[in-house]
Amino acid sequence: MSAVATDRVKFAVVVFPGSNCDRDCLNAVKGPLGQHVQAVWHRDAVPDDVDCIIVPGGFSYGDALRAGALAALSPVMESVRRAADDGKLVLGVCNGFQVLLESGLLPGALMKNTGLRFVCRDVFLRVDNWMSPFTLDYGPNQVIRVPVAHGYGNYYAPQADLDALEERGGVVFRYCDEHGNLDSGANPNGSLNAIAGITNERGNVLGMMPHPERACEGILGSRDGLKLFESMVKRVVALRG
Amino acid sequence: MKFHVLVHLKPDVLDVQGQAIREAVVGAGHGGISAVRVGKSFYLDVAADSDAEGRAEVARLCQETLSNPLLETFEIEQVTA
């Protein structure tokens with residue numbers, strides 16, 4: 001095996017019992033993105049030299065109690081919290097988003113889809129904040145196509161929290177139609193304000209229900225998700241100076 | 001000592017499961033059912049020096065883990081074995 005090139009950005013993918021998108025994330029970073037990536041078991045800590053952490057989708061702990069609630073108590077989350085405090089980039093996708101909310105790293109909660117059904121299809125997203133470290137490579141209000149696959153994706157926050165989130169530009173992605181219009185038919189789960197992805201106040205933690213890692217290669221039907229990971233890499237490289 | 005905990009959605013949070021159940025049971029002929037709210041029920045065995053201490057521990061657990069305070073409220077009741 002060749003030594004890891006020191007100039008490559010280091011990603012870690014956290015693995016809980018019941019994670020099932022960890023391999024997709026590992027593959028997206030290793031393959032199309034071409035960066036270094038390692039899996040980190042939930043009982044271990046994310047190594048200090050890691051630049052970016054991905055909390056993947058799946059059904060951690062079988063969704064027992066509430067989606068993400070028990071994973072939030074896993075030992076690995078202490079190192080994820082520390083990395084977030086240090087300003088490192090943390091991306092939570094689907095169940096990973098639920099874990100970040102339950103951990104208090106992001107505001108709000110995800111409830112059962114209003115239609116009660118598990119929704120598994122491609123959706124269009126509007127990039128509402130194209131200046132976040134995760135969206136630098138997208139254009140203003142760019143519309144992208146990525147898949148969703150979830151039963152609990154209905155974003156909720158109390159009105160005051162929602163207003164604060166909107167005011168600070170914390171809503172990064174919204175569900176829309178192919179032209180970027182926010183009609184209710186485009187919202188797959190009933191999320192308030194058609195919210196699909198949000199960042200924390202500092203902007204270095206992103207949680208989103210859609211799966212960008214499943215849209216990184218032409219053979220998967222869309223490459224629109226790759227720019228998100230490329231944006232993360234650019235940000236890390238820029239900060240290295 | 002034993003405690004029973006009930007966790008349910010706050011009144012102002014739409015309970016889509018409860019709504020679906022109500023529509024289904026009304027359709028099945030239970031026309032008198034005007035509302036359904038779904039919750040979770042937990043029975044906990046707790047080792048503590050006093051009832052108050054046990055209840056306080058359960059309350060902390062409810063606040064931190066068993067409920068999501070944004071969406072849910074909880075009720076704690078001590079039960080005799």
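Use the structure listed above.
Below is a summary of the structure that appears in this document. (Residues numbered from 1 in each chain as written. Chains lettered and ligands numbered in written order. Predicted model: local features only at pLDDT ≥ 70, side-chain atom pairs only at ≥ 80, totals over all residues.)

Regarding the overall build of chain A
Reasoning step 1: In terms of helices and strands, chain A carries five helices and 11 strands.
Reasoning step 2: Each principal axis of the C-alpha atoms in chain A carries an extent, and together these give about 50 × 40 × 35 Å.
Reasoning step 3: With 241 residues in all, chain A has 54% of them scored as buried.
Reasoning step 4: Summarising the internal contacts of chain A: among those between residues at least 6 apart in sequence, 77% fall at separations of at least 24. (Helix = DSSP H or I, 4+ residues; strand = E, 2+ residues; numbered from the N terminus. Buried ≥ 20, exposed ≤ 12 C-beta atoms within 10 Å, placed from the backbone. Contact = placed C-beta atoms within 7 Å.)

What to know about the interface of chain B and chain A
Reasoning step 1: Taken together, the contacts link seven residues of chain B with 10 residues of chain A.
Reasoning step 2: Broken down by element, the side of chain B that touches chain A gets its largest block of residues, three residues, from helix H1 (residues 16-27) of chain B.
Reasoning step 3: Residues that form the side of chain B that touches chain A fall into these classes: four nonpolar, three polar and no charged. (Nonpolar A, V, L, I, M, F, W, Y, C, P; charged D, E, K, R; others polar.)

Examining unusual backbone geometry
Residue and element names in this part refer to chain A.
Reasoning step 1: You will see that Asp 63, though not glycine, has its phi angle at about 60°, which is positive.
Reasoning step 2: Structurally, Asp 63 can be placed in the loop between strand S3 (52-55) and helix H2 (76-85).
Reasoning step 3: C-beta crowding within 10 Å serves as the criterion here: with 18 such atoms nearby, Asp 63 is assigned to the partly exposed category.
Reasoning step 4: Despite not being glycine, Cys 94 shows a phi value in the positive range, around 60°.
Reasoning step 5: Here Cys 94 is to be found in the loop between strand S4 (89-93) and helix H3 (95-102).
Reasoning step 6: Taking the number of C-beta atoms within 10 Å as the measure of exposure, Cys 94 has 30 and is therefore buried.

Remarks on the sheet that holds strand S7 (residues 143-150) of chain A
Residue and element names in this part refer to chain A.
Reasoning step 1: Overall, mixed pairing links the nine strands, which are arranged S2-S1-S3-S4-S11-S10-S9-S6-S7 in an open sheet. The strands lining the two open edges of the sheet, one partner per strand, are strand S2 (36-41) and S7. Across the sheet, the mean angle separating the axes of adjacent strands is 25° when strand polarity is ignored.
Reasoning step 2: When strand S10 (residues 195-199) meets strand S11 (residues 205-208), the two strands line up antiparallel, connected through three bridges. Residue pairing across strands places Ile 198 opposite Gly 207, the latter belonging to S11. (Pairing = 2+ DSSP bridges. Axes fitted to C-alpha atoms, helices over the stretch in contact; angles between N-to-C directions.)

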